[in-house]
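Remarks on the overall topology
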Amino acid sequence: HQTMDVTEVDFQPMTNSRPLHALYFVAFIVFVGFLWVNLLVAAIVDSYRRVAAASGDMKFTTVGQKEWIEALKMKQKQNADIEELVRVEPRFYIRKQLFRLVHHVYFEFFIMLCIFVNVLVMALQHDGQPAALTSYSDTL
């Protein structure tokens, strides 16, 4: 809450001179609250799945829920079969090579790496940066 008292550099703090800075702490508390709730739910779900995996059966489900799970499994298998039919390689050479490229195992990893490098370069840019950094970021 002391950030609300901040004024300028080399000036004394004044009580509640920046009340909007309190929004940072409210956002932080809400974010951390959601984080802890997600961790708690993840721990409960993880222990539930361990019990289900150890017993080989879903112990805490009703008959209707088991039927729903089986219906979802059948639909997923049906969707996987349809997806295999859709993934037919094109006959034209260039399209076939591009199709193989985008369906390669490492293609998505490469795209994510490019996005990460782009975000990193954009985050490094700042006012008064050295000319070498500007030249390097412009090159990328």
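Here's what I pulled together on the structure shown here.

Calculation rules
- Residues numbered from 1 in each chain as written.
- Predicted model: local features only at pLDDT ≥ 70, side-chain atom pairs only at ≥ 80, totals over all residues.
- Heavy atoms only, no water.
- Helix = DSSP H or I, 4+ residues; strand = E, 2+ residues; numbered from the N terminus.
- Rg over C-alpha atoms; globule rule 2.2 N^0.38 Å.
- Buried < 20%, exposed > 50% of the residue type's maximum accessible area, 1.4 Å probe, protein only.
- Phe/Tyr/Trp six-rings, centres within 6.5 Å; stacked < 30°, edge-to-face > 60°.

In this section: the overall build of the protein. For the protein, the helix and strand inventory stands at five helices and zero strands. Moving toward the C terminus, one meets the helices and strands of the protein in the order α-α-α-α-α. Taken against the 2.2 N^0.38 rule, which gives 14 Å for 140 residues, the C-alpha radius of gyration of the protein at 27 Å runs more than 25% over that of a compact globule. By principal-axis analysis of the C-alpha atoms, the protein measures approximately 70 × 55 × 25 Å. Going through the 140 residues of the protein one by one, you find that 6% of them count as buried.

On to the packing of aromatic side chains. Per the counting criterion, the structure on display carries two aromatic pairs. A ring pair is formed by Tyr 24 and Phe 25, whose centres lie 5.1 Å apart and whose planes are at 80 degrees; its orientation type is edge-to-face. On the basis of relative accessible area, Tyr 24 is assigned to the exposed category, the value being 55%. You can call Phe 25 partly exposed: its relative accessible area is 29%. Summarising the aromatic geometry, the rings of Tyr 24 and Phe 28 are spaced 6.5 Å apart at their centres and angled 20 degrees between planes, so their arrangement reads as stacked. Here Phe 28 and Tyr 24 lie together in helix H1 (residues 22–55), a separation of four residues that amounts to about one turn. Ring pairing ties together the aromatic residues Tyr 24, Phe 25 and Phe 28, which thus form one cluster.

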